[in-house]
Amino acid sequence: MPSTRRWRAGSSVATVSRSSREWVLCTTGVVHTISAILRALTKPGDKVIVQTPVYNCFFSSIRNMECEAFENPLINRDGYFEMDFEDLERKAAEPDACVLLLCNPHNPVGRSWSEEELRRLGEICFRHDVTVISDEIHCDLVHPGHKHCAFAALGSEFNVRSITCNSASKTFNIAGLQLANIVIADPDLRARVDRALNVHEVSNVNPLGVEATIAAYNEGEPWLEELNAYVHENYLTVADFLAHELSHLHLIDQEATYLAWIDC
C-alpha cells in the first residue's frame, strides 16, 4: 500500500497534550462531515469498518465515496450488545481496511461504550493503521448509572489518531440550524479534512446555529439533566408496557440515547 494512502501520526503524539480551539472545524452536519472525511482518508475500493447494527447513514456515506462497508457485527448476548474483538482484529488486518466508523454511544443498540472496550478497539485499529472516526453525537444522552467516555480522551495516541464528530443538534433538538463540530488534533490530518469539507461545500455554517450552540452548552445543563431523567422514565415506561402487554417482544438493555431497540 502506498504511504500516501493513509494518515500516520508522527511527532504529533509527543507534542499534543491538551485541547485547542484550533482543533475544531465547523460544518453543517455530522452525516455530511463523515462523507467529507471519508473522501479525505480513502480511495474508491477501500474498506470502511462498521459495527452493525448501526446508523443507516453510515452506509450511504461509504457507498457515496465508492468504498466498501466492512461489517464487524456486534455480539448480542440476550439483549446486551458487545464488540467482537476477534473479528475486528481480522477485519482491521485486511490490507484495504483503512477507517473504522465508531458510533459512541452506539445507535441503535444503546450502548455507552466503556473505557476498556474503547481502549481495546483503539489498540487493534492502531496496530493495523486504521483511523477511527468517532461519531459522538449522542454523547450527552446517557442513562443513570452510566457515563460517556470520549474516544480521543483516552490518551495522546487516541487523540491524534482519531477524528471526533459531535453536535448539539440531537441533545438540544436544533438539527434544523445545521451545525456540527469536528475535533482533529493532528494538524496534517485536520488540513486534509478541512480541504475535503470545502470540496463538499459543507463548511459554511448558519450563524444562528452558532449562537444556539453557544447558548445550549453555556446555559443548557439544568435542562439537559431534566431531559435525561425524562428519557430514562420513557424507557422504563416502554419496558413496563412491553412486559405486561407484549411480552413476546424484547427491549434491549439501554445505557444511552433516546432510541428504544426492540427485538420483534
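Refer to the structure printed above.
Here goes a summary of the coordinates provided. Keep in mind that what you see is a predicted model, and the values were worked out from it rather than measured. (Residues numbered from 1 in each chain as written. Predicted model: local features only at pLDDT ≥ 70, side-chain atom pairs only at ≥ 80, totals over all residues. Heavy atoms only, no water.)

Moving on, we come to unusual backbone geometry. The step from Thr-52 to Pro-53 runs through a cis peptide bond, and the omega angle for that step is 0 degrees. Mapped onto the fold, Pro-53 is located in the loop between strand S2 (47–50) and helix H3 (57–64). The residue after Asn-104, namely Pro-105, is reached through a cis peptide bond having omega 0 degrees. Following the sequence through the fold, Pro-105 ends up in the loop between strand S6 (97–103) and helix H5 (115–127). (Helix = DSSP H or I, 4+ residues; strand = E, 2+ residues; numbered from the N terminus.)

Another point: the nonpolar core. Grouped together as the largest cluster of nonpolar side chains are 31 residues, with contacts concentrated most on Ile-37, Leu-38, Leu-101, Ile-133, Ile-163, Ile-182 and Val-193. Of all elements in the fold, only helix H2 (30–41), S2, H3, S6, strand S8 (162–166), strand S9 (180–183) and helix H8 (187–199) reach the threshold of two or more residues within this core. Per-element accounting of this core gives the leading share, seven residues, to H2. Discounting chain neighbours no more than four positions away, the residues touching Ile-163 are Ile-37, Leu-41, Val-132, Ile-133, Ser-134, Ile-182, Val-183, Ile-184, Leu-189 and Val-193. (Core = buried A, V, L, I, M, F, W, Y, C linked by side-chain atoms within 4.5 Å. Buried < 20%, exposed > 50% of the residue type's maximum accessible area, 1.4 Å probe, protein only. Contact = heavy atoms within 4.5 Å.)

Let us now look at the side chain of Arg-111. With respect to the helices, strands and loops of the structure, Arg-111 is situated in the loop between S6 and H5. By relative accessible area, Arg-111 is classed as buried at 2%. Polar contacts involving the side chain of Arg-111 include one to the side chain of Glu-255, which spans 2.8 Å. Ignoring any residue separated from it by four or fewer positions in sequence, one finds Arg-111 in contact with Tyr-80, Phe-81, Glu-82, Pro-105, His-106, Glu-117 and Glu-255. (Polar contact = N/O pair within 3.5 Å; in protein donor to acceptor, adjacent residues only side chain to side chain.)

Let's shift gears to the side chain of Gln-254. Relative to the assigned elements, Gln-254 resides in the loop between strand S10 (250–251) and strand S11 (262–263). A polar side-chain atom of Gln-254 sits 3.4 Å from the main-chain carbonyl oxygen of Leu-259. Beyond its immediate chain neighbours, meaning those up to four positions away, Gln-254 contacts Gly-110, His-143, Tyr-235, Leu-259 and Ala-260.

With that settled, the discussion passes to the pairing of S6. When you tally the buried positions in S6, you get seven out of seven residues, the bulk of the element. Of the pairings in the sheet, the one linking S2 to S6 comprises four bridges and is parallel in character. Residue pairing in the sheet places Val-48 in a bridge with Val-99 of S6. In the sheet, S6 pairs with strand S7 (residues 131–135) via five bridges, with the strands oriented parallel. Bridge pairing in S7 places Val-99 opposite Thr-131. (Pairing = 2+ DSSP bridges.)

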